[in-house]
Amino acid sequence: MVHRNYINGQWKTGATVGISQNPSDLDHPVGEYARAAAADVIEAIAAARAASSAWSTSSVQRRADLLDQVGNELLERKDELGELLAREEGKSLPEAIGETARAGYIFKFFAGEALRIGGEHLSSVRPGVEVDITREPVGVVGLITPWNFPYAIPAWKIAPALAYGNCVVFKPAELVPLCAWQLADMLHRAGLPAGVFNLVMGSGRLVGQAIVDHRDVDAISFTGSQAVGEDLRRVAAGRGARVQLEMGGKNPLVVLDDADIDVAVDAAVQGSYYSTGQRCTASSRLIVERGIHARFLGALLRRMAVLKVGAATERGIDIGPVVDESQLRTDLNYLQIARDEGAEPIAGGELVERSTRGHFLTPALLRAEPGMRIAREEVFGPVATLLVADSYEHALALANDSPFGLCAGICTQSLKHASHFKRHAQAGMVMVNLPTAGVDYHVPFGGRKGSSYGPREQGRYAAEFFTTVKTAYVFAG
Ligand code: ADP
């Protein structure tokens, strides 16, 4: 079966058929999908525009019921849908099932939020005049997502977009179309009116660009690479569209001399290597104070030695494959750049074979200097750099010495240092004695500097992007 695009309430074939690969088993692709033509995107945008007026004023009970139904289905089918995710994206089965459940909770959270769309009422400074401040939907929103969280990232864009009364044109990453199709199928069966939600699959250059360029798309929420995000911002903002970008990180995990060693090693292993390091919140810089350095490194290497790399759906593995050949080339290329710049490889970074043909790379650790590219640029793979700090102040300065600012972590038992770090880390999110990756679904997500642009995603803060404020003055006489 070819998984088709979903446009104006209909399942439609595209210009060509694409194949979705299984990075754990390249000889057994996951399935086929329809790749949309530019004309399909234009049709989807027109359908969204036509549906916008009715949906923007639709009953919030109806929106809540629809989103709740999708949330419930994700939770009920989390094992089966999680297995698909593991096969298509390559994260381990427990991680994939966890992500599916999280997507379910996101839909249920925004089902509740639909009922809580509020405003403010004030007296005017002019006698007899009342002022109402209300939130209205933005209109047609384009949602462009990456491959690393095939359900959760679309969920945290689609659910608030619909909850607040917007119509959606959704373009998932080319590597994970079948997961995106599952979301569309659930939304379709939940009974969304035609045109309110549309799925168009295919390349960024064609399908994504057609969304970005179209003047009927009022807002674009994008998660992906910095290069694409910056281009997208120029084009979309240039034509007056609202833009929200999430573009990655080079997240520091600071380990101070007084850290609980088990907590610190757990945070480092989980943050750096789980999900194959393919998370924008991954800890890719381990900044370790000199006094604990030897002990921390010893304990970390012992843990790394027992991490199992293997096929995503195999029981007992910790780390699945790299998502595709292009990402694998990037990972290996960065390891080479690091060696060329004089970084010292400590462990891992080796291609390994398993019973199926896949992109299996062992978690890599390198000792680096702060100015090296491996310590500054996002790799998006199971690669962490170790930097040594002379003091807390030095560690904080190293943590902040980055063009990115998504998440910053610290392991310490000192309330003083934890509080100072929480206040002074230049990041949108801070973790104390926790991995930098792994966030809640009901609170804001986003970063500073080169990591993000525009309002935060998730939680109640999602309203900042998906609604526009109206101030109404009424003189009743
Ligand atoms: P990643 O490496 O995480 O896939 P990308 O930035 O390449 O990051 O892709 C993120 C999303 O942006 C994907 O859905 C991709 O297809 C899309 N995309 C890529 N290029 C463009 C573009 N020129 N215009 C719009 N979307 C694009």
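Here goes a summary of the coordinates provided. Because the structure is a prediction, the values reported are computed rather than measured. (Residues numbered from 1 in each chain as written. Predicted model: local features only at pLDDT ≥ 70, side-chain atom pairs only at ≥ 80, totals over all residues. Heavy atoms only, no water.)

## Let's talk about the site of the ligand
Stated formally: Nearness is defined per residue: one heavy atom within 4 Å of the molecule or strand is enough. Identification of polar contacts relies on pairs of N or O atoms within 3.5 Å, with a donor-acceptor requirement for protein atoms, meaning one able to donate a hydrogen and the other able to accept it, and with residues adjacent in sequence counted only if both atoms are side-chain atoms. Method for areas: the Shrake-Rupley scheme with a 1.4 Å probe, in which residue coverage is limited to the protein chains shown. In DSSP terms, a helix is any run of H or I states spanning at least four residues, a strand is any run of E spanning at least two, and both are numbered starting from the N terminus.
Around the ligand, the surrounding shell holds 16 residues, and the nearest of these are Thr-145, Lys-171, Gly-204, Gln-209 and Ser-225. Between the ligand and Ser-225 there is a distance of 2.7 Å, counted from an oxygen atom to a side-chain nitrogen or oxygen. Taking 550 Å² as the accessible area of the ligand by itself, protein coverage stands at 77%. If you list the elements that add at least two residues to the shell around the ligand, you get α7 (204-213) and β11 (219-223).

## Let's talk about the packing of helix α3 (residues 78-89) against helix α4 (residues 93-114)
Think of two packed helices as two axes; the pair is described by the angle between the axes and how far apart they sit. Put simply, the test is: Think of each axis as a best-fit line through the C-alpha atoms, taken over the contacting stretch in the case of a helix, with angles from 0 to 180 degrees between the N-to-C directions. Relative orientations are named as follows: roughly parallel for angles under 35 degrees, roughly antiparallel for angles over 145 degrees, roughly perpendicular for angles from 65 to 115 degrees, and oblique for any other angle. Helix crossings get a hand from a simple test, with the near helix turned counterclockwise from the far one by less than a right angle marking a left-handed crossing and a clockwise turn marking a right-handed one. Residue contacts are counted whenever heavy atoms from the two residues lie within 4.5 Å of one another.
Packing of α3 against α4 leaves a shortest axis separation of 8 Å and a crossing angle of 120°. Between α3 and α4, the angle falls in the class oblique. Once α3 is placed against α4, the crossing between them reads as right-handed. Between α3, through Lys-78, Asp-79, Leu-81, Gly-82, Glu-83, Leu-85 and Ala-86, and α4, the contact on the second element is made entirely by Leu-93, Ala-96, Ile-97, Glu-99, Thr-100 and Ala-101.

## Looking at helix α11 (residues 325-340)
We apply this condition: For a helix, the expected span equals 1.5 Å multiplied by the number of residues minus one. Burial here depends on accessible area, computed with a 1.4 Å probe over protein chains only, as a share of the maximum for the residue type. Under 20% is buried, over 50% is exposed, and the range in between is partly exposed.
The end-to-end C-alpha separation of α11 is 22 Å, in line with the 22 Å expected for 16 residues at 1.5 Å each. Along α11, the positions that sit buried rather than exposed are Gln-327, Leu-328, Asp-331, Tyr-334, Leu-335, Ile-337 and Ala-338. At its buried positions, α11 is contacted by β16 (364-367) and β17 (383-389).

## Concerning the environment of Val-228
Take Val-228: it is sitting in helix α8 (residues 226-238). Val-228 sits 24 residues away from Gly-204 along the chain, and the two C-alpha atoms are 9.0 Å apart.

## Overview of the pairing of strand β12 (residues 242-246)
Stated formally: Looking down the strands as they point away from you, a crossover is right-handed if its path from the first strand over the helix to the second goes clockwise. Here, any two strands with at least 2 DSSP bridges between them count as paired.
Counted residue by residue, β12 has four buried out of five residues, so it is predominantly covered. Crossover handedness for the path β11 to α8 to β12: right-handed. Examined bridge by bridge, β12 and strand β22 (residues 452-453) share two bridges and lie antiparallel to one another. Paired with Glu-246 across the two strands is Ser-452, which belongs to β22.

## Some remarks on the sheet that holds strand β23 (residues 467-475)
On the basis of which strands lie adjacent, the open sheet formed by three strands has the order β6-β7-β23 and antiparallel pairing. Edge strands, defined here as strands with exactly one partner in the open sheet, are β6 (120-123) and β23. On average, each strand axis in the sheet is inclined to that of its neighbour by 20°, with strand direction left out of account. When β6 meets strand β7 (residues 129-137), the two strands line up antiparallel, connected through four bridges.

## Some points on unusual backbone geometry
Positive phi, close to 55°, is recorded for Ser-275, a residue that is not glycine. Residue position: Ser-275 is located in the loop between α9 (261-273) and β14 (283-289). With relative accessibility at 6%, the residue Ser-275 sits in the buried group. The phi torsion at Lys-449 lies on the positive side, around 50°, for a residue other than glycine. Along the chain, the position of Lys-449 falls in strand β21 (residues 448-449). Residue Lys-449 is classed as partly exposed on the basis of its relative accessible area of 37%.

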